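Inside the fold
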Amino acid sequence: MINEQQPTLPAPASTIGLVGWLRTNLFNTPMNSIATIVMLYLCYLWLTPIFDWVFISADWAGTTRESCTSGGACWVFITQRIDQFMYGFYPADETWRLNVTFFAFVALIAWLIWPNLPKKGLVAAFTLLIFPFIAFVLLSGGYFGLEHVETHKWGGLSLTLVLAVVGIVAALPLGILLALGRRSEMPIVRAMSVAYIEIWRGVPLITVLFMASVMLPLFLPEDMHFDKLLRALIGITMFQTAYMAEVIRGGLQAIPKGQYEAADALGLGYWQKMVMIILPQALKLMIPGVVNTFIALFKDTSLVLIIGLFDLLAIVQAAQNDPKWIGYATEGYVFVAFVFWIFCFGMSRYSQHLEKMLHTGHGSRA
Amino acid sequence: MSEVNKQEDQLMVQIRNMNKWYGDFHVLKNVNLDVRRGEKIVICGPSGSGKSTMIRCINHLEEHQEGDIFVNGIEMASDIKKIDAIRKDVGMVFQHFNLFPHLTVLENCVLAPIWVKKVPRKEAEAVAMQYLERVKIPEQALKYPGQLSGGQQQRVAIARSLCMNPDVMLFDEPTSALDPEMIKEVLDVMIELANEGMTMLCVTHEMGFAKTVADRVIFMDGGQIIEENEPQEFFNNPQHERTQLFLSQILNH
């Protein structure tokens, strides 16, 4: 018996579109319908006061706390202090240097992530190898007639970004090296990598920062001056490198043995094999884990407040103790949370975009 | 040149008293094998008999513990330079293709010539296109491996190996992971390659292929070479009872 070819029919109207989605997901059973309505009501109860506090009855304009009369959020506190929150105690006449550094960095990053722009390799090399020195000279000064600004004057969001960017840029390559070391066939390299990772992972970041700022000077000769910010940066980098290494090792392990063998059989050397075959594939798999570590690192930078560095959180907290603004802690914390969220969410979205873009199909994975 | 040297010179692969263990497990027992230049050898045997392990020792994907291996006159040692020199002369095709999924077909083919043999990119690409034409998929050059069928991927893998201009090709069950309708296209490429005089060592259960191209068929079981003969004799008149059993199992189903 031979069957005739069946016609291709459209899906029933009740299963597609918005109505279909609502039906299948929110109102598919009487219980679910009730639950949906109850939840909507709870959302209404909970979100409207928040919305009201943040936007509708909030005060935006003014110069002192007297402007805040409506009972909503007093954003005047933030707007009045915004320079300090952004630049810390950096001399007001010199803040253009922070702005130039920041916007130059943003422009470089934009160049790198914008699709189809030419010379990405050159720009990446510039960003990694030359830009750090330019940024250092600009921020710290002391050369080319720029006034020297000591690091204890750095603060606010700019300090947070310096900590996070340096930590991220240093931790990724070091983490890759460490992960390769842990999988190396050379026993001494492997043992040292394992020891490094396990020691740094086993210590809380706060301890590392305390060690860097309080203990380390005790072991150094008295006349040896080591910048506090530099010590914090090294501490954060060392700590995050260990985490990064483990994320990367996970990615390396997911690459099938056949990829290593094919590279070996073609005669590629160890570094050629790793750089051209294994790492590109592994990094793609590792994007969620790596970005997760980046985000954790970004937020962990706020721990530097315990060693007396005034990052964004610390400087907002300090401002709350100003007698002129006592009682507006909530606005301060909401602002800090919002700024952190913007950056972290941005990284998260970009990583999702990257994952989609790099999905070139792995059908041959065996 | 003395008579002995001349004979040695013709040997592409020489395996002398090779033994290999995985931990306590003795996988290869006193294997001896000479492969002349241009010779085609088919290796068969039940799974776990050590046939894949044996050919993987030839390009040092596996390390042997005892005995000697010479490839193209170079003695295999744990010295990385010797291994690299041998791998330049030895091409390998895997059961699961092992193409690099993040690179296009063309990039897969030119990577090793450019980085290992330092061939200029343009030249490498021209050579790669030539080989892709020979395996009959030049039109897929800019696609990624994941977009190709299994048979096409395996043909790319063969082209990728040939781009290194090897003196000997190792095939490790090249058709075992393929859907039945794709086996022929891969075997056709291999037969063509054999007819052009390539030295080949091929682990396969495709007995039709063995009958068509093999100069010798080797039967392995339990980590040793049990029997070797030219295909006619091997299939019609197997000597050892294990060979007879094996052949009856794979031919009569």
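Summary of the structure given here. (Residues numbered from 1 in each chain as written. Chains lettered and ligands numbered in written order. Predicted model: local features only at pLDDT ≥ 70, side-chain atom pairs only at ≥ 80, totals over all residues. Heavy atoms only, no water.)

Before going further, it helps to spend a moment on the nonpolar core. Residue and element names in this part refer to chain B. Judged by nonpolar contacts, the single largest core of 112 residues is most densely connected at M54 and L201. Beyond its immediate stretch of four places on either side in the chain, L201 contacts V13, L33, V35, I41, I43, I55, I58, V168, M169, L170 and F171. L132, V135, A157 and V186 belong to the second-largest nonpolar core, a separate cluster that totals 50 residues. (Core = buried A, V, L, I, M, F, W, Y, C linked by side-chain atoms within 4.5 Å. Buried < 20%, exposed > 50% of the residue type's maximum accessible area, 1.4 Å probe, protein only. Contact = heavy atoms within 4.5 Å.)

On to the packing of aromatic side chains, then. The geometry of an aromatic ring pair is captured by the separation of the ring centres together with the interplanar angle, meaning the angle of the planes. Counted by the stated rule, this structure contains 15 aromatic pairs over all chains. Between A:F105 and A:F131, the ring centres sit 6.0 Å apart and the planes meet at 25°, which makes this aromatic pair stacked. With A:F105 in helix α4 (residues 95-113) and A:F131 in helix α5 (residues 120-140), this pair connects stretches of sequence that are 26 residues apart. One aromatic cluster is present, formed by A:F77, A:F85 and A:F335 through successive ring pairs. A cation over a ring is seen here: B:K211 above B:F235, with NZ or CZ 5.0 Å from the ring centre. (Phe/Tyr/Trp six-rings, centres within 6.5 Å; stacked < 30°, edge-to-face > 60°. Helix = DSSP H or I, 4+ residues; strand = E, 2+ residues; numbered from the N terminus. Lys NZ or Arg CZ within 6 Å of the ring centre and 35° of its normal.)

Before going further, it helps to spend a moment on unusual backbone geometry. Glycine aside, a negative phi is what most residues show, and trans is what most peptide bonds show. Residues and elements named next belong to chain B. For N98, which is not glycine, the phi dihedral falls at a positive 55°. Residue position: N98 is located in the loop between β6 (90-93) and α4 (105-115). Classification of N98 by relative accessible area gives buried; the value is 8%.

Within the element layout of this structure, B:H60 appears in the loop between α2 (51-58) and β4 (66-71). Setting aside residues up to four positions removed in sequence, B:H60 forms contacts with B:M76, B:I83 and B:R87.

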